[in-house]
Amino acid sequence: MLTRENLGIKEGESLFVNSILHLHTYVKESRGSLKTILQAIKKLGPTLLTVAEQDANHNGPFFLGRFLESLHYYSAIFDSLEARMGRNSMERMKIERNHFAEEIRNIVAYEGTERVERHERADQWRRQLGRAGFQVVAGMKDRQAMVMKSLGGGDGYTVGNDQKGNVLLGWKGRPIMLAAAWQPSSS
């Protein structure tokens with residue numbers, strides 16, 4: 001269904017695909033679903049594909065590994081929310097309850113097709129996108145870093161590059177989010 005015709009893209013028009021916190025839901029044990037989606041995006045011939053995902057390893061096959069990774073990752077998330085919004089902030093409590101509670105439950109309590117929260121580290125995203133025929137866009141890291149830094153805003157947040165094309169937003173040295181711009185490989 002993902003074709004330039006179905007999307008109403010005219011000859012000569014540029015296509016930009018923006019995926020924010022969505023591609024990880026296509027990661028399965030076999031990775032076939034993610035590969036299919038990335039191949040469909042590549043066939044569209046986008047000028048640019050931007051990807052922003054959580055930088056965490058929540059896709060391991062074993063409960064203990066996912067539990068420990070989740071404990072460290074979400075401790076950093078909750079610590080950053082508390083620093084930004086305060087301990088008794090109703091807004092912070094709603095975010096934790098309405099968004100992160102279900103996400104954590106899915107990571108540690110579900111298996112197989114029921115588990116859709118399958119976050120991966122920056123290196124794994126780089127490999128998956130590379131295999132699908134995408135390459136990191138050179139020169140985008142500084143602009144991405146400026147945008148991510150403006151989102152973080154506050155003491156404790158860090159923004160850096162991993163020297164492989166990803167911009168990483170972290171909390172007190174712990175990577176939390178990654179962002180990168182990709183384009184179809186010329187080969």
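So, how was this worked out
- Residues numbered from 1 in each chain as written.
- Predicted model: local features only at pLDDT ≥ 70, side-chain atom pairs only at ≥ 80, totals over all residues.
- Heavy atoms only, no water.
- Pairing = 2+ DSSP bridges.
- Helix = DSSP H or I, 4+ residues; strand = E, 2+ residues; numbered from the N terminus.
- Buried < 20%, exposed > 50% of the residue type's maximum accessible area, 1.4 Å probe, protein only.
- Polar contact = N/O pair within 3.5 Å; in protein donor to acceptor, adjacent residues only side chain to side chain.

The next point concerns the pairing of strand E4 (residues 157-161). Of the pairings in the sheet, the one linking E4 to strand E5 (residues 167-171) comprises five bridges and is antiparallel in character. Note that in E5 the partner of Tyr157 across the bridge is Trp171. Hairpin geometry of E4 and E5 is characterised by an intervening segment of five residues between the two adjacent antiparallel strands and by a positive phi of about 65° at Gln163.

Moving on: the environment of Asn59. Within the element layout of this structure, Asn59 appears in the loop between strand E2 (48-54) and helix H2 (63-85). Overall, Asn59 belongs to the buried group, its relative accessible area being 12%. As for Asn59 and His119, which are separated by 60 residues in sequence, their C-alpha atoms are 6.0 Å apart. A polar atom in the side chain of Asn59 sits 2.7 Å from the side chain of Arg118.

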